[in-house]
Amino acid sequence: GEDVEQSLFLSVREGDSSVINCTYTDSSSTYLYWYKQEPGAGLQLLTYIFSNMDMKQDQRLTVLLNKKDKHLSLRIADTQTGDSAIYFCAGGLAAGNKLTFGGGTRVLVKP
Amino acid sequence: DTAVSQTPKYLVTQMGNDKSIKCEQNLGHDTMYWYKQDSKKFLKIMFSYNNKELIINETVPNRFSPKSPDKAHLNLHINSLELGDSAVYFCASSHRGGGPERFFGPGTRLTVL
């Protein structure tokens, strides 16, 4: 089955860019997602990318997909203290199939 | 206006009890899921229903029984609760024939004493 891995922790200064990395094993994943989880809260869908795309930009968020290396990244520009959270990447096949999640990257934004 | 809602938000109970968690979505989605998030924040799929039909059933003890009375609801019933069942349980929904967005509920924190 799919295996998704992420680094555990990232510390960044307010105003800098953050880059969160993720690797996955199943090249047949059709969609790759980034979710944000704030303390005590549920999962908020940030963005997703279709596997035939290399990049997707949405305001401060940029997703890069390297299919050859099975590597997904999320760049947050001008990181704010409100961006402190756990970020999960996830992969899935067709729209109705399960998602397989990475272990989450805890991002701490320092003022 | 909540898209995916779960009740209760917190559930504290004794070992051996039976409990249920309810989930409802008002997005018109036809597929719903239950995920379990353990203390280390790992998220694992448990079940998935499409139009009231079970389509994903991961290796979950049969003490866990999902029930879908209609496509807007997916409830999770747990019998004979054990300490290891303590976790946060998330319900989610998506539209199988539509876009890939998956929306999650706020979670139910289950603590078994």
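Residues numbered from 1 in each chain as written. Chains lettered and ligands numbered in written order. Predicted model: local features only at pLDDT ≥ 70, side-chain atom pairs only at ≥ 80, totals over all residues. Heavy atoms only, no water.

Peer 1: Just to check I follow, could you spell out the overall build of chain B for this structure?
Peer 2: A count of helical and extended segments in chain B gives 0 helices and 11 strands. Secondary structure elements of chain B, listed N to C terminal, follow the sequence β-β-β-β-β-β-β-β-β-β-β. Against the 2.2 N^0.38 benchmark of 13 Å for 113 residues, chain B shows a C-alpha radius of gyration of 13 Å, consistent with a compact globule. Each principal axis of the C-alpha distribution contributes one length, and for chain B these read about 40 × 25 × 25 Å. The buried share among the 113 residues of chain B stands at 44%. Across chain B, the fraction of contacts at a sequence separation of at least 24, relative to all contacts at a separation of at least 6, is 55%. Carbon together with sulfur atoms contributes 49% to the accessible area of chain B, which is approximately 5,600 Å² in total. Side-chain charges in chain B split into 14 positive and 11 negative, and the spacing between the mean points of these groups amounts to 4 Å. (Helix = DSSP H or I, 4+ residues; strand = E, 2+ residues; numbered from the N terminus. Rg over C-alpha atoms; globule rule 2.2 N^0.38 Å. Buried < 20%, exposed > 50% of the residue type's maximum accessible area, 1.4 Å probe, protein only. Contact = heavy atoms within 4.5 Å. Areas by Shrake-Rupley, 256 points an atom, 1.4 Å probe, with all protein chains shown as cover. Lys, Arg positive; Asp, Glu negative; His and termini not counted. Charge placed at Lys NZ, Arg CZ, Asp CG, Glu CD.)

Peer 1: What am I meant to see in the overall build of chain A here?
Peer 2: In terms of regular secondary structure, chain A is built from 0 helices and 11 strands. Its helices and strands in sequence order give chain A the pattern β-β-β-β-β-β-β-β-β-β-β, from N to C terminus. By residue count, 47% of the 111 residues in chain A fall in the buried class. The long-range share in chain A, meaning contacts at least 24 apart out of those at least 6 apart in sequence, stands at 53%. Total accessible area on chain A stands at roughly 5,300 Å², and carbon and sulfur atoms take up 49% of it. With 11 positive and 12 negative side-chain charges, chain A shows a separation of 1 Å between the mean positions of the two kinds.

Peer 1: Looking at this model, I keep getting lost on the pairing of strand E11 (residues 108–112) of chain B. Mind explaining?
Peer 2: Side-chain positions along a regular strand alternate between the two faces of the sheet. Residue and element names in this part refer to chain B. A one-sided burial pattern is seen for E11, the buried positions being Thr-108, Leu-110 and Val-112 and the unburied ones Arg-109 and Thr-111. With 4 bridges connecting them, strand E2 (residues 10–13) and E11 associate as parallel partners. Paired with Val-12 across the strands is Thr-111, a residue of E11. Of the strand pairs in this sheet, strand E9 (residues 87–94) and E11 are connected by 3 bridges, and their pairing is antiparallel. From the neighbouring strand, Ala-87 faces E11, where its bridge partner is Leu-110. (Pairing = 2+ DSSP bridges.)

Peer 1: What is the right way to read the pairing of E9(B) from this model?
Peer 2: Residue and element names in this part refer to chain B. Counted residue by residue, E9 has 8 buried out of 8 residues, so it is predominantly covered. Residues Ala-87, Tyr-89, Cys-91 and Ser-93 line one face of E9 and the alternating positions Val-88, Phe-90, Ala-92 and Ser-94 line the opposite face, and both faces are buried. Across 2 bridges, the pairing between E9 and strand E10 (residues 103–104) is antiparallel. Within the sheet, the bridge partner assigned to Ser-93 lies in E10 and is Phe-103.

Peer 1: Where do I start with the environment of A:Asp26 in this structure?
Peer 2: Of note, A:Asp26 is situated in the loop between strand E3 (18–24) and strand E4 (31–37). Each C-alpha atom of the pair A:Asp26 and A:Ile76 lies 25 Å from the other, and the pair is 50 residues apart in sequence.

Remember, this is a structural readout, not a statement about activity or role.
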